[in-house]
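# Observations on the three-dimensional arrangement
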Amino acid sequence: MFTLHLDDFSLEHFLQHYWQQKPVVIRQGFQHFVDPISPDELAGLACEEEIESRLVYRKDGEWQAELGPFESYERLGERDWSLLVQAANHWSPQVAALAAPFSFLPKWRMDDVMASYATPGGGVGPHIDLYDVFICQGSGRRNWRVGERGNHRQFAAHAALLHTEPFEPIIDVELLSGDILYIPPGFPHDGVTIEHSMSFSVGFRAKSASDLLSGLADHLIDRELGGALMSDPGRPVHHEQGRIDAGDFARIKAHLRTVLEDDALLADFAGSYFSKTKCQLDLQELEQPFVEAELVAELARQGLTRIGGLRCFYVDQTVAQGVCYVDGERFEFGAAGRGAVLALCDHEHLSHALLKTWLRQPAFLAALTQWVNGGYWYFED
Ligand code: SIN
Ligand code: CO
């Protein structure tokens, strides 16, 4: 259980003055911080095929980056390297717990928790992220420099490593265990480890219009939607063969607008798109699946926990019909299922008391049983 302490400001103050606007150091944001995962456990995760990991190091002064899985780390020596594991919250419930203190931001904005281990001198070099990131310092000490947002030239220091040119720091601090550095997108930064160090980056990524439109196009194609053709009955005689005139341009825009103004369609798109995970989930199907009555009985004994990184959302536009989206899939439980959907999506832990009323609804109970059998929620014992 991690609790965020903001001595100098309230969450409201943070959101109004810093979020997306400027970097800030939150000293002892986590008091008495204990690493949720050890360097050895992290190294173990990076040996797994399905887990995204990277090694970044310098050899003869040149930056090097390698993608995992890795078999050993001995060749790397004592200095100047770091190991990064993407979406460590998908594989370690303890790392997943680090997302909870940031629930003052909506989950659909959150990306994942990256965990990194670095030896003295180690880091990934000066770079710019497209993310808002809360870098939570674990054990060890690390120096962080952050520059002003601006037109910084970026270049490939290695085929897999985008760096930025040296920058003037507006923040130059040593982070100790429990300190948090918040950096909005676009601010160049560079963390150099002073002594063996663990860092946990809780990242929030916003999508670009091109990301959203390409996601929407995939959504339409996969569901065979948006196939209606543009039409132009009653058009006047056209004279200039090369011209797309203002009337036709307005028709093209209006045709696209019919898709963009269809709230039910866009709600389905947003729910499916944002609930899909980028990195693999640690799904373990049950060898002995529950039948529904057994599931209810077990739930009375102990609560269910959502696996790390699983994304479940509802959208205001369609929640009245009991619609929710779990890992990219749409589910609809009808108007009476609205409460079930709120309980499911707003809570990481599902107790019998929380779900009691909704377990009487056959469609919801059937879906819940399927999710538990598929490994999306689990009983801890
Ligand atoms: C790291 O943990 O080494 C990199 C974090 C970052 O700069 O985003
Ligand atoms: Co960064």
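Throughout what follows, the structure given in this document is the object of discussion. (Residues numbered from 1 in each chain as written. Chains lettered and ligands numbered in written order. Predicted model: local features only at pLDDT ≥ 70, side-chain atom pairs only at ≥ 80, totals over all residues. Heavy atoms only, no water.)

### Concerning the site of ligand 1
In the vicinity of ligand 1, the residues found are L84, M114, S116, H127, D129, R142, W144, H189 and S201. In this structure, an oxygen atom belonging to ligand 1 sits 2.8 Å away from a side-chain N or O atom of R142. In this structure, H189 approaches ligand 1 through a side-chain N or O atom, which is 3.2 Å from an oxygen atom. For ligand 1, the protein covers 95% of the area, taking 260 Å² as the surface of the free molecule. (Near = heavy atom within 4 Å. Polar contact = N/O pair within 3.5 Å; in protein donor to acceptor, adjacent residues only side chain to side chain. Areas by Shrake-Rupley, 256 points an atom, 1.4 Å probe, with all protein chains shown as cover.)

### Brief notes about the sheet that holds strand β1 (residues 24–26)
Spatially, the 8 strands line up as an open sheet ordered β1-β11-β6-β13-β5-β4-β2-β3, and their pairing is antiparallel. Bordering the open sheet on either side are β1 and β3 (62–67), each of which pairs with just one other strand. Recorded for the sheet is a direction-independent mean angle of 20 degrees between the axes of neighbouring strands. One ladder, built from 4 bridges, connects strand β4 (residues 81–85) with strand β5 (residues 110–118); its direction is antiparallel. When the bridges of β5 are listed, L83 appears paired with Y117. (Pairing = 2+ DSSP bridges. Helix = DSSP H or I, 4+ residues; strand = E, 2+ residues; numbered from the N terminus. Axes fitted to C-alpha atoms, helices over the stretch in contact; angles between N-to-C directions.)

### Let's talk about the nonpolar core
Counting 43 residues, the largest nonpolar core has Y73, F134 and F200 as its most contacted members. Of all the secondary-structure elements, those providing two or more residues to this core are β1, α2 (39–45), β2 (53–59), β4, β5, β6 (131–137), β11 (180–183) and β13 (197–205). Counting 28 residues, the second-largest nonpolar core is a separate cluster that includes I307, F333, C345 and L355. (Core = buried A, V, L, I, M, F, W, Y, C linked by side-chain atoms within 4.5 Å. Buried < 20%, exposed > 50% of the residue type's maximum accessible area, 1.4 Å probe, protein only.)

### Side note on unusual backbone geometry
Cis geometry marks the peptide bond from G68 to P69; its omega dihedral reads 5 degrees. Considering the arrangement of structural elements, one finds P69 in the loop between β3 and β4. Even without a glycine there, the phi angle at Q20 is positive, about 70 degrees. Phi is positive for E224, which is not a glycine, with a value near 50 degrees.

### Notes on the coordination of the cobalt ion (ligand 2)
In the first shell of the cobalt ion (ligand 2), the protein supplies H127 (NE2), D129 (OD) and H189 (NE2), at 2.0 to 2.1 Å from the metal. Written as a sequence motif, the donor residues of the cobalt ion (ligand 2) are H-x1-D-x59-H. (Donors = N, O, S within 2.8 Å, 3.2 Å for Na, K, Ca; no water.)

### Let's talk about the packing of aromatic side chains
Summed over the entire model, instances satisfying the criterion amount to 30 aromatic pairs. Ring centres of F290 and F379 lie 5.4 Å apart, and the angle between their planes is 70 degrees; this geometry places the pair in the edge-to-face category. Residue F290 is located in the loop between α6 (263–275) and α7 (292–301), and its partner F379 is located in strand β19 (residues 377–379); the two are separated by 89 residues in the primary sequence. Judged by its relative accessible area of 11%, F379 falls in the buried class. Measuring from centroid to centroid gives 5.5 Å for F333 and F364, while their planes differ by 85 degrees, and the two rings are edge-to-face. Here F333, found in the loop between β17 (329–332) and α8 (338–346), pairs with F364, found in helix α10 (residues 362–374); they are 31 residues apart in sequence, far enough to count as distant. Judged by relative accessible area, F333 falls into the buried class, the value being 12%. Judged by relative accessible area, F364 falls into the buried class, the value being 1%. The ring of F167 carries R145 above its face, with NZ or CZ at 4.9 Å from the centroid. (Phe/Tyr/Trp six-rings, centres within 6.5 Å; stacked < 30°, edge-to-face > 60°. Lys NZ or Arg CZ within 6 Å of the ring centre and 35° of its normal.)

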